Amino acid sequence: MIVTAHLSDVHIDGEQRSADRTRAVMDYLNALPYDLDAVLVTGDIADHGLPAEYELSRRLLTSRHPVLVCPGNHDERGAFRRFLLGETESAAPVNQVLRTDRLTVALCDSSVPGKDEGYLEDETLLWLEDVLARTPDGMPVLVGFHHPPALLHSPFVDGIRQFGDERLAELVGRHANIAALVCGHAHTPAATTFAGKPLVVAPGVVSTLRLPWEHRDHPADHVHLDQPPALVFHVLDDTGRLTSHYRTVVA
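If you're wondering where the values come from, they're calculated on a predicted model, not measured in any experiment. (Residues numbered from 1 in each chain as written. Predicted model: local features only at pLDDT ≥ 70, side-chain atom pairs only at ≥ 80, totals over all residues. Heavy atoms only, no water.)

A.B. asks: Just to check I follow, could you spell out the packing of helix H4 (residues 122–133) against helix H6 (residues 165–173) for this structure?
C.D. replies: Angle between the axes and distance between the axes are the two parameters that describe a pair of packed helices. Where H4 contacts H6, the axes come no closer than 11 Å and their chain directions differ by 10 degrees. Classified by the angle their axes make, H4 and H6 are roughly parallel. Of H6, the residues touching H4 (which contributes Asp122, Leu125, Leu128, Glu129 and Leu132) are Arg167, Leu168 and Leu171. Grouping the constituent residues of the contact of H4 with H6 by class yields five nonpolar, no polar and three charged. (Axes fitted to C-alpha atoms, helices over the stretch in contact; angles between N-to-C directions. Helix = DSSP H or I, 4+ residues; strand = E, 2+ residues; numbered from the N terminus. Parallel < 35°, antiparallel > 145°, perpendicular 65-115°, else oblique. Contact = heavy atoms within 4.5 Å. Nonpolar A, V, L, I, M, F, W, Y, C, P; charged D, E, K, R; others polar.)

Shown next as structure tokens:
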């Protein structure tokens, strides 16, 4: 089996609460009696895009398992690169790839500087095309980003989802070894399909979004703050079939 852990939306903000919840999830993963193929963190790492938030995130997201991260709409590309990744600052999309002997993971930057909605720039789609072209036939690929490219039937999220998705769908349709697409942004566990592939949404670590049919005290009451942090494990078997298991963690 190929097993990856997937978490999202840690929103490190300098407060103890977000740090404690992120630390609880990472401690849980590091204590597993199993070596994961990867830990994927799909965006909104820093709540305000500040250097100190990224410096703390860099310490919190350390793991004995390989870790790959991408930005979300709360992130700032220059600070993300410098203070989280230890790279030279740049305003270009932060696209990253992890290659193992049995899996390729491509995390794309769907953030749009200054906006909450998402979009994959042409540069990012060309980068993804190149990653896929360099991947051996038969090796499964997980493609990830922050913003879901499909409607989740949650108006608050759907209004700031990933747009221009027809370009991504056309690319996905050309590459049979894409096993699944993964994302965050919605702060709620969800699963659907996109371009004929599974699309799995990670729950939020910092909070959980209220669904439209759930009770709320007032119209702007969008999130549960009392729900525990959670993550999802993705399992790829020898047939290429994806199974996803959601887990909550005591913070």
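A.B. asks: What's the story with the nonpolar core in this structure? I'm lost.
C.D. replies: The tendency in soluble globular proteins is for nonpolar side chains to be buried as a group. Leu7, Leu29, Leu36, Ile45, Tyr54, Leu231 and Phe233 are the most contacted members of the largest nonpolar core, which totals 31 residues. Put simply, the parts of the chain that give this core at least two residues each are strand E1 (2–7), helix H1 (16–30), strand E2 (38–42), helix H2 (51–60), helix H3 (77–85) and strand E14 (230–236). Here this core gets five residues from one element, more than from any other, and that element is H1. Discounting chain neighbours no more than four positions away, the residues touching tyrosine 54 are Ile45, Ala46, Gly49, Asp75, Glu76, Ala79, Phe80, Phe83 and Leu84. Cys108, Leu132, Val141 and Leu152 belong to the second largest nonpolar core, which has 25 residues in total. (Core = buried A, V, L, I, M, F, W, Y, C linked by side-chain atoms within 4.5 Å. Buried < 20%, exposed > 50% of the residue type's maximum accessible area, 1.4 Å probe, protein only.)

A.B. asks: What should I look at first to understand the state of the cysteines in this one?
C.D. replies: Disulfide: a covalent bond connecting the sulfur atoms of a pair of cysteines. According to the stated counting rule, one finds zero disulfides in the structure shown. Its sulfur unpaired, cysteine 108 is 8.0 Å from the next cysteine sulfur, which belongs to cysteine 70. Cysteine cysteine 183 remains unbridged, with the sulfur of cysteine 70 as its closest cysteine sulfur at 9.6 Å. (Disulfide = S-S within 2.5 Å.)

A.B. asks: What is the right way to look at the pattern of salt bridges in this model?
C.D. replies: Pairing between side chains of opposite charge can happen when their charged atoms approach one another. Counted by the stated rule, this structure contains 14 salt bridges. Through salt bridges that share partners, Arg77, Asp109 and Glu121 make up one connected network. (Salt bridge = Lys/Arg side-chain N within 4 Å of Asp/Glu carboxyl O.)

A.B. asks: Whenever I open this one, the sheet that holds E2 confuses me. Can you help?
C.D. replies: Strand pairing in a sheet is mediated by backbone hydrogen bonds. Such pairs are either parallel or antiparallel. With mixed pairing, the five strands of this open sheet are ordered in space as E3-E2-E1-E14-E15. Both outer strands of the open sheet, strand E3 (67–70) and strand E15 (242–248), are each paired with one neighbouring strand and no more. In this sheet, neighbouring strand axes are inclined to one another by 20 degrees on average, regardless of whether the strands run parallel or antiparallel. As defined by bridge partners, E2 adjoins E3 across four bridges and the pair is classed as parallel. When the sheet's bridge partners are listed, threonine 42 is paired in E3 with cysteine 70. Relative to E14, H1 is tilted by about 35 degrees, and along the sheet it contacts E1, E2, E14 and E15. (Pairing = 2+ DSSP bridges.)

A.B. asks: Could you clarify how one ought to interpret the packing of aromatic side chains in this entry?
C.D. replies: Geometrically, a pair of aromatic rings is defined through the distance of the ring centres and the angle of the planes. If you walk through the whole model with that rule in mind, you get two aromatic pairs. Between tyrosine 28 and phenylalanine 233, the aromatic rings sit 6.3 Å apart at their centres with planes inclined by 55 degrees, giving tilted as the arrangement. Here the residue tyrosine 28 occupies a position in helix H1, and phenylalanine 233 occupies one in strand E14, the gap between them amounting to 205 residues. Residue classification places phenylalanine 233 among the buried positions, given a relative accessible area of 10%. Ring centres 5.7 Å apart and planes at 75 degrees place the aromatic pair tyrosine 54 and phenylalanine 80 in the edge-to-face group. In this pair, tyrosine 54 sits in helix H2 while phenylalanine 80 sits in helix H3, placing the two residues 26 residues apart along the sequence. (Phe/Tyr/Trp six-rings, centres within 6.5 Å; stacked < 30°, edge-to-face > 60°.)

These values are about where atoms sit, not about what they do.
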